[in-house]
Amino acid sequence: MMAKNATEIIADVVVVGGGAAGLAAAVSTAERGHDVVLIEKNGFLGGMATAANVGTICGLFLRDDSNNFDFICDGFIRTFAEQLIKKSNANPVRGRDGLKFLPYERFDFMRLCDEMTGNAGVNVLFHTTMFDINVEEGFVQEIKVITGSDVISLRAKYFIDATGFALLGNLISDITLLQDEKYQAGAFVFGLDGIKKTTPHQLNLHVIKAMALAREDGSLKKDDSLLTIVPGSVKKGRASFKLSIPRALHDDIKSVSMAELYSREKVGKLYAILKQYADIFDQSKISYVAPAIGIRTGPRYEGDFVLSKEDVLQCRKFDDEIARATWPIEFWEVGKKVKMEYFNKGSYYSIPLRSARNNKVSNLYFPGRHISANDQAIASCRVIGTCMQMGENIGKIISKKLSEHN
Ligand SMILES: Cc1cc2nc3c(=O)[nH]c(=O)nc-3n(C[C@H](O)[C@H](O)[C@H](O)COP(=O)(O)OP(=O)(O)OC[C@H]3O[C@@H](n4cnc5c(N)ncnc54)[C@H](O)[C@@H]3O)c2cc1C
């Protein structure tokens, strides 16, 4: 990173957004010897995984009936998961229908991101928000960020948009964005400790019963507040809960701000209901609330290829594969229970590079939960393990191009 003067930085690659995709992209490119700047608006990395504390990493393992946990590929996801397992003293979990995932502790996830970016030599700029872009003749020339009261211009040979909601694309007139036809519910995660010792199954029954009784006495509305337990989170009197947000969030200030307020108020109410109707919660306390609501989907890029539901369910493979996706379609319609659609056990589909690129802008890539995919396909490929693979492989592709230029 070269600070030309106080207001300009020049690098080989600028990554905007330090979630799963941006983290892997930045580490993978910097490990190959390139000068990488990673811009993150929060004061920590991890994106939805840490800001919304979604609680488990999906998309790491093949789905099958065995008791093994076979990584879908080696590389970044394997290294990340193995180090997280050591740090969190956690084990991967086999859930229903052969689904396999890794629970994690939020702090460990964050620290691992710090260590991996630090070891790879990524220049991470926290509390730095990208807000403007300059594109000339099909190339991104610079982006502008704000940090504290400073506006800084960043110039690079390649740019990676890993903001999760196609921010750079939204600012480029030549690029079209895809919008959800059917919106997927966001959620808010919180934790309780001091719960009486029980199994996850029993805990779930207590929660369902308490919610039903609250609906009967009128303190909860019929279609209000779906509450689920984060899989793998029940241990030593602690558990994490996911509160579904019963309205659409479109990344606009008004709906997102309303949802933050709604979620915190609702957590207080639901906690009181759990205490009132299930004695297992008598001594419990709210141990944390996630710093932010979790937003599953938002605007996505229209790339050179739009990944579809058929590609997912038929396990299509592509020559320009940048990720092997193993997670089924997991669709969270607002106010309804989750709907799962599976492809064959032991199989996977490819995500092509063409869905993370648009040939109208040559030096821009966009891995992560805003790739070019329709509503159903994104409901499968947005999981953390798959986003990390996309980021890693885009890092490799850019590194190769940079080396060829030199
Ligand atoms: C409620 C919920 C539950 C989920 N459960 C699971 C689960 O159990 N397992 C699983 O694997 N996946 C789960 N997911 C999906 C998964 O968490 C996300 O799809 C994935 O983490 C997305 O990663 P990403 O890097 O594409 O985007 P994000 O994680 O959204 O990262 C984007 C990053 O960009 C930063 N950013 C945005 N704008 C700017 C800007 N202007 N300037 C600088 N930085 C910016 C953000 O702060 C953020 O850090 C869940 C999602 C939700 C919402």
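A short tour of the structure in this document, coming up. (Residues numbered from 1 in each chain as written. Predicted model: local features only at pLDDT ≥ 70, side-chain atom pairs only at ≥ 80, totals over all residues. Heavy atoms only, no water.)

Some words on the sheet that holds strand E5 (residues 93-94)
Either a parallel or an antiparallel arrangement is found when strands of a sheet pair, and the pairing is made through backbone hydrogen bonds. In plain terms, the rule: The criterion for strand pairing is that DSSP finds at least two bridges linking the strands in question. Strands are runs of DSSP state E lasting at least two residues, helices are runs of H or I lasting at least four, and both sets are numbered from the N terminus onward.
Read from one edge of the open sheet, three strands run E4-E6-E5, paired in antiparallel fashion. The sheet is open, and its two borders are formed by strand E4 (56-57) and E5, each paired with just one other strand. Where E5 and strand E6 (residues 100-103) come together, two bridges link them in antiparallel fashion. Note on E6: the bridge partner recorded for Val 93 is Phe 101.

Regarding a nonpolar patch on the surface
Test applied: Patch membership needs two things, relative accessible area over 30% and no salt bridge, and members are linked within 9 Å if like-charged or within 5 Å if nonpolar (Val, Leu, Ile, Met, Phe, Trp, Tyr). With residues, only the protein chains shown are counted as cover, and all accessible areas are computed by Shrake-Rupley using a 1.4 Å probe. A pairing counts as a salt bridge when a side-chain nitrogen of Lys or Arg comes within 4 Å of a carboxyl oxygen of Asp or Glu. Throughout, exposure labels follow a simple rule: accessible area from a 1.4 Å probe, protein chains only, divided by the maximum for the residue type, with under 20% read as buried, over 50% as exposed, and the rest as partly exposed.
Among the surface-exposed residues, Phe 131, Ile 146 and Val 151 lie close enough to one another that they form a single nonpolar patch of about 230 Å² accessible area. Secondary-structure assignment places Ile 146 in strand E9 (residues 139-147). Ile 146 sits in the partly exposed class, given a relative accessible area of 35%.

Quick word on the pattern of salt bridges
In total, this model carries 26 salt bridges according to the counting rule given. A salt bridge links Glu 105 to Arg 238, with the nearest nitrogen and oxygen atoms 3.4 Å apart. With Glu 105 in the loop between E6 and helix H4 (106-120) and Arg 238 in the loop between strand E13 (227-229) and strand E14 (239-244), this pair connects stretches of sequence that are 133 residues apart. Arg 238 gets classed as partly exposed once you look at its relative accessible area, which sits at 37%.

Details of the site of the ligand
Operational definition: Summary of the distance rule: residues count as near a molecule or strand when at least one heavy atom falls within 4 Å of that molecule or strand. Here a polar contact means two N or O atoms within 3.5 Å. Within protein one must be a hydrogen donor candidate and the other an acceptor candidate, and residues neighboring in sequence count only if both atoms are side-chain atoms. In this count, Pro and Cys sit with the nonpolar residues alongside Ala, Val, Leu, Ile, Met, Phe, Trp and Tyr, while Asp, Glu, Lys and Arg are called charged and the others, Gly among them, polar.
Looking at the ligand, there are 34 residues lining it, with Glu 40, Met 48, Thr 56, Cys 58 and Arg 382 nearest. In the model, an oxygen atom of the ligand is placed 2.9 Å from a nitrogen or oxygen of the Arg 369 main chain. Taken by itself the ligand offers 1,000 Å² of open surface, and the protein chains cover 96% of this. Counting only elements with at least two residues in the shell around the ligand, the list comes to helix H1 (20-31), E4, strand E8 (128-136) and helix H10 (384-405). Sort the elements by how many residues they give to the shell around the ligand and E8 lands first, with three residues. In terms of residue class, the shell around the ligand is made up of 17 nonpolar, eleven polar and six charged.

Points about helix H7 (residues 253-277)
We count it as follows: A helix's residues, less one, multiplied by 1.5 Å, set its expected span.
Under the 1.5 Å per step criterion, the end-to-end length of H7 is 36 Å for 25 residues, consistent within 8% with the ideal 36 Å. Where H7 is concerned, the buried positions are Ser 255, Val 256, Ala 259, Glu 260, Tyr 262, Ser 263, Lys 266, Val 267, Leu 270, Tyr 271, Ile 273 and Leu 274.

Some words on the nonpolar core
For clarity, the cut-off: As used in this record, nonpolar core signifies buried Ala, Val, Leu, Ile, Met, Phe, Trp, Tyr and Cys residues forming a set joined through side-chain atoms within 4.5 Å. Working rule for contacts: check all heavy atoms of both residues, and any pair within 4.5 Å makes them a contact.
Ranked by internal contacts, the top residues of the largest apolar core, which has 91 residues, are Phe 80, Phe 109, Ile 143, Ile 351, Leu 364 and Met 388. At eight residues, the largest contribution of residues to this core is made by H1. If near-sequence neighbours (up to four positions away) are discounted, Leu 364 is found in contact with Val 140, Phe 159, Asp 161, Leu 168, Ile 172, Ile 175, Tyr 301, Ala 356 and Arg 357. Ranked by size, the runner-up nonpolar core spans 31 residues in total, among them Ala 239, Val 256, Tyr 271 and Ile 293.

Notes on the sheet that holds E14
The criterion, for reference: Interaxial angle, 0 to 180 degrees, is taken between N-to-C directions of lines fitted to C-alpha atoms, where a helix line uses only the stretch in contact.
Read across the sheet, four strands follow the order E13-E14-E12-E15 without closing on themselves; strand pairing throughout is antiparallel. Strands at the two margins of the open sheet, each flanked by one partner only, are E13 and strand E15 (285-289). In this sheet, neighbouring strand axes are inclined to one another by 35° on average, regardless of whether the strands run parallel or antiparallel. The pairing of strand E12 (residues 187-193) with E14 spans six bridges and is classified as antiparallel.

Topic: the state of the cysteines
Put simply, the test is: Here, the term disulfide refers to a pair of cysteine sulfur atoms separated by no more than 2.5 Å.
Enumeration according to the criterion identifies zero disulfides in this entry. Considering cysteine sulfurs only, Cys 387 is the nearest to Cys 58, which forms no disulfide, with 11 Å between them. As a non-bridged cysteine, Cys 113 has Cys 387 as the owner of its nearest cysteine sulfur, 13 Å distant.

Here we look at the packing of aromatic side chains
So the rule is basically this: Any two rings among Phe, Tyr and Trp, with Trp reduced to its six-membered ring, count as a pair given centres within 6.5 Å; such a pair is stacked if its planes are under 30 degrees apart, edge-to-face if over 60, and tilted if neither. Criterion for a charge above a ring: Arg CZ or Lys NZ at most 6 Å from the ring centre, at most 35 degrees from the ring normal.
Evaluated as defined, the whole model comprises eleven aromatic pairs. On the numbers, 5.5 Å between centres and 20° between planes, the contact of Phe 190 with Phe 241 is stacked. One end of the pair, Phe 190, is in strand E12; the other, Phe 241, is in strand E14, with 51 residues separating them in the sequence. Under the relative-accessibility criterion, Phe 190 is labelled buried at 0%. Each residue in the set Phe 76, Phe 80, Tyr 104 and Phe 109 is aromatic and connected to the rest through ring pairs, giving one cluster. The lysine or arginine in question, Arg 106, covers the ring of Phe 44, its NZ or CZ lying 5.5 Å from the ring centre. The positively charged end of Arg 354 is found above the aromatic ring belonging to Phe 305, 5.0 Å away from the centroid.

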